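# Remarks on the overall topology
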Amino acid sequence: MQLATVTIVVPDYDEAIAHYCGALGFSLVEDTPLSATKRWVVVAPGEGGAHILLAKADGASQRARVGDQTGGRVAFFLTTDDFAATHQKFSEAGIAFLEAAREEPYGRVAKFRDAFGNLWDLIEPSR
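Residues numbered from 1 in each chain as written. Predicted model: local features only at pLDDT ≥ 70, side-chain atom pairs only at ≥ 80, totals over all residues. Heavy atoms only, no water.

Two faces belong to every sheet, and in a regular strand the side chains alternate between them. Both strand β2 (residues 27-33) and strand β3 (residues 39-44) contribute to a ladder of six bridges, which runs antiparallel. The residue of β3 that forms the bridge with P33 is R39. Here β2 folds back onto β3, and the loop between the two strands holds five residues. Where β3 and strand β4 (residues 51-56) come together, three bridges link them in antiparallel fashion. Paired with V41 across the two strands is L54, which belongs to β4. Between β3 and the antiparallel strand that follows it, β4, lie six residues; G48 among them carries a positive phi value of about 90°. (Pairing = 2+ DSSP bridges. Helix = DSSP H or I, 4+ residues; strand = E, 2+ residues; numbered from the N terminus.)

Here we take up the environment of A110. Mapped onto the fold, A110 is located in strand β8 (residues 107-113). Counting along the chain gives 107 residues from A110 to L3, while the straight-line C-alpha distance between them is 24 Å.

Within this structure, the stated rule accounts for six salt bridges. Close ionic contact of R39 with D14 constitutes a salt bridge, the shortest N to O distance being 3.0 Å. With R39 in strand β3 and D14 in helix α1 (residues 13-23), the pair connects residues that are 25 residues apart, well separated along the chain. Here D14 falls in the partly exposed class, since its relative accessible area comes to 47%. For R108, the salt bridge is made with E103, and the minimal N-O distance between the two is 3.5 Å. Using a relative accessible area of 32% as the deciding quantity, one classes R108 as partly exposed. Linked through salt bridges whose partners overlap, the residues forming this network are D14, D31 and R39. (Salt bridge = Lys/Arg side-chain N within 4 Å of Asp/Glu carboxyl O. Buried < 20%, exposed > 50% of the residue type's maximum accessible area, 1.4 Å probe, protein only.)

We now examine the packing of aromatic side chains. Applying the stated rule across the entire model yields eight aromatic pairs. Ring plane angle 65° and centroid distance 6.1 Å describe the contact between F26 and W120, whose orientation is recorded as edge-to-face. Taken as a pair, F26 in the loop between α1 and β2 and W120 in strand β9 (residues 119-125) lie far apart in primary sequence, 94 residues in all. An identical accessibility class is assigned to F26 and W120; each is buried. Aromatic side chains F90 and F112 sit 5.6 Å apart centroid to centroid with 70° between the ring planes, which places their arrangement in the edge-to-face category. Taken together, the residues span a long stretch of sequence, with F90 in helix α3 (residues 83-92) and F112 in strand β8 at a distance of 22 residues. Comparing F90 with F112 shows no difference in burial state: the two are buried. Among the aromatic residues, those joined into a ring-pair cluster are Y20, F26, F76, F90, F97, F112, F116 and W120. (Phe/Tyr/Trp six-rings, centres within 6.5 Å; stacked < 30°, edge-to-face > 60°.)

The structure is reproduced here in structure tokens:
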């Protein structure tokens, strides 16, 4: 088995696609209308890993969770084989890094916030 897809609750499909596929450089895997108000929108940061379902918040309780799906903890971990280049690309695209890069036993890492408030770690794993 493998984890195939995780959900990120977002306020708007098109705004989310623009952020994840624009600023973060993810690929749009699928955008299928399901009804007049609901779409199946899937993005991916690369090949071979889990995909992300961008789910438009439906109702007050879901809207309240946008950007805080894990109670303030880092929710997502994005690996790269070139930390410096990815960090620079993200910074130039307006991604807000919340700390300077640091070395950990598992690799080089820095925390950033996406456009909706979700916390991510950018990691170049130790070799």
